[in-house]
Amino acid sequence: GLDSSVGAIGDDAVGANARRWSVDRIVPVVGAGLAAVSYISVSEGACREAGVPGTVGPAWVLRGATSYKRYTESVEQAMLDAVQPALGRPEAGRAALLPITTSTAWWELPQDARRAIFEETSHHIAVGLEYLPAVARQLCHGRDLGEPFDFLTWFEFAPSDESRFDQLLARLRTSREWEYVEREIEIRLTRE
Ligand code: HEM
């Protein structure tokens, strides 16, 4: 629900509970990019609206909410639970925010066909598990909120694990699942 929503806000005054990250780079991977900003604040809990009276508003605001699992089976969930780290580890000074939208063709597939592409063909979970516990992650959904991005994917890792994260991204992007990605932006961040 919205209580666990994430708002990533480019260049705005930050709220009390927002975590602020400075932007290392914003790369448009597939489709249109986003305006350059020098930092983003990531808020959990109450969704922040853009703009503070009397000040200039943020360059952009992205929203997503945590949701139920679409594809993860119980054996996979148990494997993930055994190794996945929490967000906010002190050593995880780097992050990546990847807003992603998938095509109508993807959403029109039956559930079992999507699951088969996601895991049996693309091995998303099996590949991802190789990079745990180095990478902490959070998946938020924007599609049902009417947001431009279907997903806001968020990852945190130590600077020394950044090249491993690069390798994970490269592997996922060559998978069958990624043939359905019609917009993807890569935002790399350092904790302030
Ligand atoms: C979905 C695991 C890395 C993008 C999922 C799901 C799992 C998962 C379990 C399914 C959630 C569900 O059942 O609904 C992992 C693990 C990773 C990883 C363990 C290792 C760090 C990544 C990366 C990206 C990414 C690097 C982006 C570049 C996505 C997206 C979805 C997803 C977009 C939603 C797929 C959909 O609903 O169509 N991931 N993931 N993941 N992941 Fe990952």
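Residues numbered from 1 in each chain as written. Predicted model: local features only at pLDDT ≥ 70, side-chain atom pairs only at ≥ 80, totals over all residues. Heavy atoms only, no water.

## Some words on the coordination of the iron atom of the ligand
Here comes step 1: Of all protein atoms, His124 (NE2) alone acts as a donor to the iron atom of the ligand, lying 2.1 Å away.
Here comes step 2: Relative to the helices and strands, His124 is located in helix α4 (residues 124–129). (Donors = N, O, S within 2.8 Å, 3.2 Å for Na, K, Ca; no water. Helix = DSSP H or I, 4+ residues; strand = E, 2+ residues; numbered from the N terminus.)

## A look at the site of the ligand
Here comes step 1: Around the ligand, the structure places 24 residues, and the nearest of them are Arg70, Tyr71, Thr72, His124 and Phe155.
Here comes step 2: One of the backbone nitrogen or oxygen atoms of Tyr71 is found 2.8 Å away from an oxygen atom of the ligand.
Here comes step 3: Judged by its atoms lying within 2 Å of the grid points, the ligand is housed in the largest pocket.
Here comes step 4: Looking at the shell around the ligand residue by residue, the class counts come to 16 nonpolar, four polar and four charged. (Near = heavy atom within 4 Å. Polar contact = N/O pair within 3.5 Å; in protein donor to acceptor, adjacent residues only side chain to side chain. 1 Å grid on protein atoms, 1.4 Å probe; cavity = no way out; pocket = protein on both sides within 12 Å on 5 of 7 lines; lining within 4 Å. Sits in = over half its atoms within 2 Å of the grid points. Nonpolar A, V, L, I, M, F, W, Y, C, P; charged D, E, K, R; others polar.)

## Here we look at the pattern of salt bridges
Here comes step 1: Throughout the structure, instances matching the rule amount to 15 salt bridges.
Here comes step 2: In this structure, Arg20 engages Glu192 in a salt bridge whose closest nitrogen and oxygen atoms are separated by 2.4 Å. Here the residue Arg20 occupies a position in strand β2 (residues 19–30), and Glu192 occupies one in the segment after β8 (181–191), the gap between them amounting to 172 residues.
Here comes step 3: Looking at Arg20, the relative accessible area reads 32%, which means it is partly exposed.
Here comes step 4: Exposure remark for Glu192: the relative accessible area of 54% places this residue in the exposed category.
Here comes step 5: Residues joined by salt bridges that share partners form a network here, namely Arg25, Arg94, Glu162, Asp166, Arg173, Glu184, Glu186 and Arg188. (Salt bridge = Lys/Arg side-chain N within 4 Å of Asp/Glu carboxyl O. Buried < 20%, exposed > 50% of the residue type's maximum accessible area, 1.4 Å probe, protein only.)

## Considerations on helix α3 (residues 111–121)
Side chains three or four residues apart in an α-helix point the same way, a direct result of the helix having 3.6 residues per turn.
Here comes step 1: Those residues of α3 that sit buried are Arg114, Arg115, Ile117, Phe118 and Glu119. Considered in projection along α3, the buried side chains sweep an arc of 160° and stay on one side of the axis.
Here comes step 2: Summarising the contacts, the buried residues of α3 are in contact with α1 (74–83), α2 (104–108) and α4.
Here comes step 3: Downstream of α3 by one or two residues, His123 has phi in the positive range, about 55°. (Arc of directions from axis to C-beta. Contact = heavy atoms within 4.5 Å.)

## Section: the packing of aromatic side chains
The geometry of an aromatic ring pair comes down to the distance between the two centres and the angle between the two planes.
Here comes step 1: Counted by the stated rule, this structure contains seven aromatic pairs.
Here comes step 2: Each ring, one from Tyr71 and one from Trp106, has its centre 6.4 Å from the other, and the planes form 65°; the classification is edge-to-face. On the criterion of sequence distance, the pair formed by Tyr71 in the loop between β4 (60–64) and α1 and Trp106 in helix α2 is long-range, its members being 35 residues apart. Neither Tyr71 nor Trp106 differs from the other in exposure class; each is buried.
Here comes step 3: Considering the side-chain rings of Phe157 and Phe165, the 4.6 Å spacing of their centres and the 20° angle between planes classify their relative orientation as stacked.
Here comes step 4: Phe157 gets classed as buried once you look at its relative accessible area, which sits at 0%.
Here comes step 5: Overall, Phe165 belongs to the buried group, its relative accessible area being 1%. (Phe/Tyr/Trp six-rings, centres within 6.5 Å; stacked < 30°, edge-to-face > 60°.)

## Observations regarding the environment of Glu156
Here comes step 1: Tracing the sequence through the fold places Glu156 in strand β7 (residues 151–157).
Here comes step 2: You can call Glu156 buried: its relative accessible area is 1%.
Here comes step 3: Put simply, Glu156 and Glu91 are 65 residues apart on the chain and 9.4 Å apart in space, counted from C-alpha to C-alpha.
Here comes step 4: Apart from residues no more than four positions distant in its own chain, Glu156 is found in contact with Arg19, Trp21, Leu87, Gly88, Arg89, Ala92, Arg94, Ala95, Ala134, Val135 and Ala136.
Here comes step 5: A polar contact is formed between the side chain of Glu156 and the side chain of Trp154, at a distance of 2.9 Å.

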